[in-house]
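Secondary and tertiary structure notes
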Amino acid sequence: MPETTSKLFHRLRGRESGKAFLEQERTEPTCAQVLQDLLTQAGLSPPAWIAAADISKSYAYQVLRGERTPGRDILLRTALVLRLSLKEAQRLLAVGGCGALYPKIRRDAAVIFALNQHMTLLETEELLGSLCERSLYAGER
């Protein structure tokens, strides 16, 4: 069982226990591992994911091999394609090193709404367009 945050803070206060903790090998999953697990759970092959999320084939395979980390919008498109829950989408963003969806940001609020309503990627794009918010493809084109 993982340690609680308060126990981790306590360990980091001590010189020896803190040093030992920092030198520990971390076993947290990579973005590539989490993404591969999600694809497997959804029963989606890499080519099907690539087509559905409209990702460059070479880039997508670099992501799956762990050579590159996808950007936030690609992870959001992936979350929508895989019909992830908000919690799962937030985890995917976290392992990808991207900021969590924040409901006070209008665009993020729209994506949160789309995830909660199980909207498709196309429906989400239409929603963002109707709100004059940036597309989930804007960073690429």
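On a predicted model such as this, the values are computed, not experimentally measured, just so you know.

Looking at the confidence of the model for the protein chain
One rule of thumb: low pLDDT means the predicted coordinates there are not for detailed reading. Residues of the protein chain with pLDDT of at least 70 account for 94%, and the chain-wide mean is 90. Ranking the elements of the protein chain by mean pLDDT puts helix H2 (residues 15-23) last, at 75, and helix H8 (residues 106-116) first, at 98.

Examining the pattern of salt bridges
This structure, assessed with the given rule, holds 5 salt bridges. Between Arg-134 and Asp-73 there is a salt bridge, with its nearest N and O atoms 3.0 Å apart. A residue pair is termed long-range when its members are at least 10 positions apart, and Arg-134 in the segment after helix H9 (121-130) and Asp-73 in helix H6 (residues 72-81) qualify at 61 residues. Here Asp-73 falls in the buried class, since its relative accessible area comes to 12%. We note a salt bridge from Glu-133 to Arg-106, for which the minimum N-O separation is 3.7 Å. Placement of Glu-133 in the segment after H9 and of Arg-106 in helix H8 is noted, with a sequence separation of 27 residues between them. A relative accessible area of 48% places Arg-106 in the partly exposed class. In the salt-bridge network here, residues are joined through shared partners; they are Asp-73, Arg-107 and Arg-134.

Looking at the nonpolar core
In terms of nonpolar packing, the biggest core is built from 36 residues, with Trp-49, Ile-55, Leu-101, Leu-115 and Leu-136 touching the most fellow members. Mapped by element, the contributors of at least two residues to this core are helix H3 (31-42), helix H4 (46-52), helix H5 (57-64), H6, helix H7 (86-95), H8 and H9. Not counting chain neighbours up to four residues away, the residues in contact with Ile-55 comprise Trp-49, Ile-50, Ala-60, Ile-74, Arg-77 and Thr-78.

Focus on the environment of Cys-31
Turning to its location among the elements, Cys-31 is positioned in helix H3. Taking the C-alpha atoms as reference points, Cys-31 and Gly-99, 68 residues apart in sequence, are found 14 Å from one another. When near neighbours in sequence (up to four residues on either side) are disregarded, Cys-31 contacts Pro-70, Leu-75, Val-95 and Gly-96.

Focus: the environment of Ile-55
Here Ile-55 shows up in the loop between H4 and H5. Counting along the chain gives 23 residues from Ile-55 to Thr-78, while the straight-line C-alpha distance between them is 9.4 Å.

Topic: H9
By the burial criterion, the buried members of H9 are Leu-121, Thr-124, Glu-125, Leu-127 and Leu-128. The buried residues of H9 occupy one face: seen down the axis, they fall within an arc of 160°. Exposed side of H9, more than 90 degrees from the buried face: Leu-122, Glu-126 and Ser-130 are the residues found there. Positioned one or two residues after H9, Cys-132 has a phi angle of 60°, which is positive.

Examining unusual backbone geometry
Excluding glycine, most residues fall at negative phi; most peptide bonds, likewise, are trans. The phi angle at Arg-83 is positive, at roughly 55°, despite the residue not being glycine. By relative accessible area, which is 42% here, Arg-83 ends up partly exposed. A positive phi angle, close to 55°, is found at His-118, a residue other than glycine. Residue position: His-118 is located in the loop between H8 and H9. Judged by its relative accessible area of 51%, His-118 falls in the exposed class.

Description of H8
Of all the residues in H8, the buried ones are Arg-107, Asp-108, Ala-110, Val-111, Ile-112, Ala-114 and Leu-115. Positive backbone phi, approximately 55°, marks His-118, located one or two places after H8.

The rules we used
Residues numbered from 1 in each chain as written. Predicted model: local features only at pLDDT ≥ 70, side-chain atom pairs only at ≥ 80, totals over all residues. Heavy atoms only, no water. pLDDT = per-residue confidence, 0-100. Helix = DSSP H or I, 4+ residues; strand = E, 2+ residues; numbered from the N terminus. Salt bridge = Lys/Arg side-chain N within 4 Å of Asp/Glu carboxyl O. Buried < 20%, exposed > 50% of the residue type's maximum accessible area, 1.4 Å probe, protein only. Core = buried A, V, L, I, M, F, W, Y, C linked by side-chain atoms within 4.5 Å. Contact = heavy atoms within 4.5 Å. Arc of directions from axis to C-beta.

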